[in-house]
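# Examining the three-dimensional arrangement
Here's the letter readout for the chains.
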Amino acid sequence: MVYLFLGLAVIFWKDFPINMEFKYRVAFGVLLIVYALFRFYRFFKETPDE
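The sections below set out a description of the structure shown in this document. (Residues numbered from 1 in each chain as written. Predicted model: local features only at pLDDT ≥ 70, side-chain atom pairs only at ≥ 80, totals over all residues. Heavy atoms only, no water.)

### Topic: the side chain of arginine 25
Operational definition: Helix and strand assignments come from DSSP, with helices taken as H or I runs of at least 4 residues and strands as E runs of at least 2, each series counted from the N terminus. The cut-offs for exposure are 20% and 50% of the maximum accessible area for each residue type, with area from a 1.4 Å probe on protein chains only; residues under the lower value are buried, those over the upper are exposed, and the others partly exposed. Here the positive residues are Lys and Arg and the negative ones are Asp and Glu; neither His nor the chain ends is included. The salt bridge criterion pairs a side-chain nitrogen of Lys or Arg with a carboxyl oxygen of Asp or Glu, the two atoms within 4 Å. Pairs of N or O atoms are called polar contacts if they sit within 3.5 Å, as long as, within protein, a hydrogen donor faces a hydrogen acceptor (for residues adjacent in sequence, only side-chain-to-side-chain pairs). Two residues qualify as a contact provided that any one of their heavy atoms is within 4.5 Å of a heavy atom in the partner residue.
Following the sequence through the fold, arginine 25 ends up in helix α2 (residues 22-46). Put simply, arginine 25 is tucked away with no salt bridge, and the nearest opposite charge, on aspartate 15, sits 7.8 Å away. One polar contact links the side chain of arginine 25 to the main-chain carbonyl oxygen of isoleucine 11, over a distance of 3.3 Å. Apart from residues no more than four positions distant in its own chain, arginine 25 is found in contact with Val10, Ile11, Trp13, Lys14, Phe16 and Met20.

Quick look at the structure:
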């Protein structure tokens, strides 16, 4: 959940503390969101069915 929230914050936070161009902020945010989805997938895949 942290990577998902961080990715969204990087994209939509207007006064982002790190000085980056918007296109790089979007690229970095999308990368974090994709990583979060990958982690969600692995977490639910490895959880045994009860």
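### Section: the packing of helix α1 (residues 2-12) against α2
Helix packing for two helices is described by the angle between their axes and how far apart those axes are. Put simply, the test is: For every element, the axis is a line fit to its C-alpha atoms; helices are fit only across the contacting stretch, and the angle between N-to-C directions ranges from 0 to 180 degrees. Should an angle fall under 35 degrees it is taken as roughly parallel, and over 145 as roughly antiparallel, whereas 65 to 115 is taken as roughly perpendicular and any remaining angle as oblique. Crossing chirality is assigned from the near helix's rotation relative to the far helix, an anticlockwise turn below a right angle marking it left-handed and a clockwise turn marking it right-handed. Classification used: nonpolar for Ala, Val, Leu, Ile, Met, Phe, Trp, Tyr, Cys and Pro, charged for Asp, Glu, Lys and Arg, polar for all others including Gly.
Put simply, α1 and α2 touch, their axes get as near as 8 Å, and they point 165 degrees apart. What the angle tells us is that α1 and α2 run roughly antiparallel. For α1 against α2, the interelement crossing comes out left-handed. Facing Tyr3, Leu4, Leu6, Gly7, Leu8, Val10 and Ile11 of α1, the residues of α2 in contact are Phe22, Arg25, Val26, Phe28, Gly29, Val30, Leu32, Ile33, Tyr35, Ala36 and Phe40. A class-by-class count of the residues in the contact of α1 with α2 yields 15 nonpolar, 2 polar and 1 charged.

### Structural notes on α1
Looking at α1, one finds that the buried residues are Gly7, Ala9, Val10 and Ile11. Of the surrounding elements, those touching the buried residues of α1 are α2.

### Looking at the environment of phenylalanine 28
Position of phenylalanine 28 among the secondary structure elements: in helix α2. According to the relative accessible area criterion, phenylalanine 28 is partly exposed, its value standing at 37%. Separated by 17 residues in the primary sequence, phenylalanine 28 and lysine 45 place their C-alpha atoms 26 Å from one another. If near-sequence neighbours (up to four positions away) are discounted, phenylalanine 28 is found in contact with Val10 and Met20.

### A look at the packing of aromatic side chains
Here is the rule we go by: Only centres within 6.5 Å qualify two rings of Phe, Tyr or Trp (six-membered ring in Trp) as a pair; their planes then separate them into stacked at under 30 degrees, edge-to-face at over 60, and tilted for everything else.
One pass over the structure, following the stated rule, counts 2 aromatic pairs. Ring centres 4.9 Å apart and planes at 85 degrees place the aromatic pair tyrosine 3 and tyrosine 35 in the edge-to-face group. Placement of tyrosine 3 in helix α1 and of tyrosine 35 in helix α2 is noted, with a sequence separation of 32 residues between them. With a relative accessible area of 36%, tyrosine 3 lands in the partly exposed category. The interplanar angle of 75 degrees and the centroid separation of 5.2 Å between the aromatic rings of phenylalanine 43 and phenylalanine 44 together place this pair among those described as edge-to-face. The exposure classification of phenylalanine 43 matches that of phenylalanine 44, with both residues exposed.

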